[in-house]
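# Chain and residue survey
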Amino acid sequence: IALDAAARGRRVALLERFDFASGTSSRSTKLVHGGVRYLELAVKQFDRGQYLLVKEALHERAILLKIAPHLVKPLPLLTPLYSRFEVPYYLAGLKLYDWIAGRSGLNSSQFVGEAALTKQFPMLKREGLRGGVVYYDAQFNDARMNVALVRTASDHGAAVANYVEVTGLLKRQGKIAGLQVEDKETGDRFEVAAPTVINACGPYVDKIRQMDDPQVEPILTVSSGAHIVLDKKFSPPATGLLIPKTQDGRVLFLLPWLGHTLVGTTDIPAKIVDKPKPADEEIDFILSELTRYFDVKVTRDDILATWAGLRPLVSNPGAGNTAGISRDHYLTRSPSGLITITGGKWTTYRKMALDTVNFAIKTGGLKAKGACHTHKIGLVGAKDFDTSIAVRLEAAGLAPDIAQSLADNYGGEALQIAKLAQDGLGARLHHTLPHIEAEVVFGFREEMARSVDDVLSRRLRVKFLNQEAAESIRGRVEQLMKDYAPGAAMQAKLHPWTKIP
């Protein structure tokens, strides 16, 4: 929303209470997808809304592959089938998925025989296996995508600040006029003037709505989605696995991600907390589903990291469980003028922003120069990115895994990090990971990281991959922060025009 509005010529301030993407936005299943499960619901329930959601998401998937090619990559997904009748059912459904994608489709789905399937996933149970179906979606690095969006918005003139909390709403004659905020690092309190305030706070939108009107009815149902991370040996390097039937009626993904294996997710009712953690029963559920499909037993000893995210779902009293609630987004404007956007999913974030800014123009008198054009704006890192960057970095002396990691996570900016590496910051942080000291310095200097956890969790993702490894390098990251971080004075929190005496 900040990028869209700034790109249309508006003055914008973006405020985050903690770090960028420290909540739900860094805790997804890392898929950019139309949602094959939503398509199945659309067909079974004759639900046009679910069908349109899939169509919109597939359109957005194509756009994200273009504007962030370094962060969003095509990914084939295999679905193992153990019933003869399932083969035509799933193949027909995925062919429909291809048809909806149209020209923006990646590759055609097709049947895969038992031999080819077990060659890629040798751990699959073979008894009763009839083969499978492969289809194509995309995968991304969610936290780095979020930081790229923030920095791109900043490049278009937006004032962006993490660790600044909204503590209240300013009103004049009963209408929203701005915000009361607190810098969580310094304790400074000040006000931000704004004729339009947009509440895009994920699971916390009702908290902001209640600042506006303490009697307002909540609009959210929150659910938890837990994930576990395993060693890379549990998945091939470039193909994911979709388990089509779990005991609770969901699907389960097993995906290669950043040199590891990501497995998720669950969907159970949850309470809103700042740092959600997977419940023991969620981890047990994921492990039990893997046991149902794998010949090799996967235990807690195999788990390298876990996390859970909170889904902000628009309430539906008629839904039997949270898995049955639509992932579509919802916009509303209060009598005082507070605009709230909630629901949705990562894949459709750009369309959500487009709809929100248009809604603000239509309902709040917000003026903008021209229409939305974020479908043409390459995110930070997309400029100068091409598939040869990893080769060039390797030729410059970086190890192959480090070169590829830099290209995938930073795109064209990988060349800046390579220069830092040549200036004495090329040491590997951990022997099992492709990250170097230069990335830490770049995170503090260029990517608005303010703490060690910002780096370990969201700039490098180490804490989301291997929690033991993250703790082992914490001391070195702290030292690099002391030696190279620019300091608060070099990162202006907000432009001066946002402060009111």
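Residues numbered from 1 in each chain as written. Predicted model: local features only at pLDDT ≥ 70, side-chain atom pairs only at ≥ 80, totals over all residues. Heavy atoms only, no water.

## Overview of the overall build of the protein chain
Each helix and strand counted, the protein chain has 16 helices and 18 strands in total. Whereas a compact globule of 501 residues would reach a radius of gyration of roughly 23 Å, the protein chain reaches 23 Å, a difference of no more than 12%. Seen along its three principal axes, the alpha-carbon backbone of the protein chain occupies a region of about 70 × 60 × 45 Å. Here the protein chain holds 501 residues, and 55% of them are scored as buried. (Helix = DSSP H or I, 4+ residues; strand = E, 2+ residues; numbered from the N terminus. Rg over C-alpha atoms; globule rule 2.2 N^0.38 Å. Buried < 20%, exposed > 50% of the residue type's maximum accessible area, 1.4 Å probe, protein only.)

## Some details on the side chain of Glu 289
In this fold, Glu 289 is placed in helix 8 (residues 280-293). In this structure the side chain of Glu 289 is engaged in a polar contact, spanning 2.7 Å, whose partner is the side chain of Gln 247. For Glu 289, the contacting residues outside a window of four places in its chain are Lys 245, Thr 246, Gln 247 and Leu 252. (Polar contact = N/O pair within 3.5 Å; in protein donor to acceptor, adjacent residues only side chain to side chain. Contact = heavy atoms within 4.5 Å.)

## A few points about the confidence of the model for the protein chain
Any region with low pLDDT has predicted coordinates that should not be read closely. Taken residue by residue, the protein chain gives an average pLDDT of 90. The fraction at 70 or more is 94%. Long-range and interchain partners of residues 317-326, a stretch whose pLDDT sits below 50, account for 18 contacts in this model, where long-range means more than four residues apart. (pLDDT = per-residue confidence, 0-100.)

## Comments concerning unusual backbone geometry
Peptide bonds are trans in most cases, and residues, glycine excluded, mostly fall at negative phi. A cis amide bond links Gly 264 with the next residue in sequence, Thr 265, at an omega value of 15°. Position of Thr 265 relative to the elements: it lies in the loop between strand 14 (260-264) and strand 15 (268-269). Despite not being glycine, Tyr 163 has its phi angle at roughly 60°, a positive value.

## Quick look at the nonpolar core
Grouped together as the largest cluster of nonpolar side chains are 35 residues, with contacts concentrated most on Leu 393, Leu 398, Leu 406 and Val 440. Only helix 10 (389-395), helix 11 (400-410), helix 12 (414-425), helix 13 (437-446), helix 14 (452-459) and helix 16 (467-484) provide two or more residues apiece to this core. It is helix 12 that provides the largest number of residues to this core, a total of 6 residues. The residues touching Leu 393, leaving out its near neighbours within four places in the chain, are Leu 398, Ala 403, Leu 406, Ala 407, Ala 414, Leu 415 and Ala 418. In this structure, Ala 148, Val 150, Val 160 and Leu 379 belong to the second largest nonpolar core, which totals 30 residues. (Core = buried A, V, L, I, M, F, W, Y, C linked by side-chain atoms within 4.5 Å.)

## Some points on the sheet that holds strand 17 (residues 329-333)
Judged by pairing direction, the sheet is mixed, and its 3 strands sit side by side in the order 10-18-17 without closing on themselves. The sheet is open, and its two borders are formed by strand 10 (198-199) and strand 17, each paired with just one other strand. Judged from the 5 bridges that link them, strand 17 and strand 18 (residues 339-343) form a sheet pairing that is antiparallel. Residue Thr 332 lies in a different strand from strand 18, and its bridge partner there is Thr 340. Across the sheet, helix 7 (residues 205-212) lies against strand 10 and strand 18, angled at about 160° from strand 18, the strand it touches most. (Pairing = 2+ DSSP bridges. Axes fitted to C-alpha atoms, helices over the stretch in contact; angles between N-to-C directions.)

## What to know about the pattern of salt bridges
When their charged atoms lie close together, side chains carrying opposite charge are able to pair. Under the criterion given, the structure shown has 33 salt bridges. Close ionic contact of Asp 142 with Lys 30 constitutes a salt bridge, the shortest N to O distance being 2.7 Å. Highlighted residues: Asp 142 in helix 6 (residues 142-155) and Lys 30 in the loop between strand 1 (13-15) and strand 2 (31-32), separated in sequence by 112 residues. Lys 30 carries the same exposure label as Asp 142, and that label is buried. (Salt bridge = Lys/Arg side-chain N within 4 Å of Asp/Glu carboxyl O.)

## With respect to the sheet that holds strand 9 (residues 189-193)
Within the open sheet, the 3 strands sit side by side as 7-8-9. Their pairing is antiparallel. This sheet does not close on itself; its edge strands, each paired only once, are strand 7 (164-172) and strand 9. The mean angle between the axes of side-by-side strands here comes to 30°, regardless of whether they run parallel or antiparallel. When strand 8 (residues 175-183) meets strand 9, the two strands line up antiparallel, connected through 5 bridges. Of the residues in strand 9, the one forming a bridge with Glu 182 is Arg 189. Sheet contacts for helix 7: strand 7 and strand 8; angle to strand 7, the most-contacted strand, approximately 35°.

## Points about helix 13
With 8 of 10 residues buried, helix 13 lies mostly within the body of the structure. Turning to helix 13, its buried residues number three or more, namely Glu 437, Ala 438, Glu 439, Val 440, Val 441, Phe 442, Gly 443 and Phe 444. A positive backbone phi angle near 65° is found at Met 448, which sits one or two residues after helix 13.

## A closer look at the environment of Tyr 90
Checked against the element boundaries, Tyr 90 lands in helix 4 (residues 86-101). When neighbours within four sequence positions are excluded, Tyr 90 is seen to be in contact with Leu 81, Val 133, Pro 244 and Lys 245.

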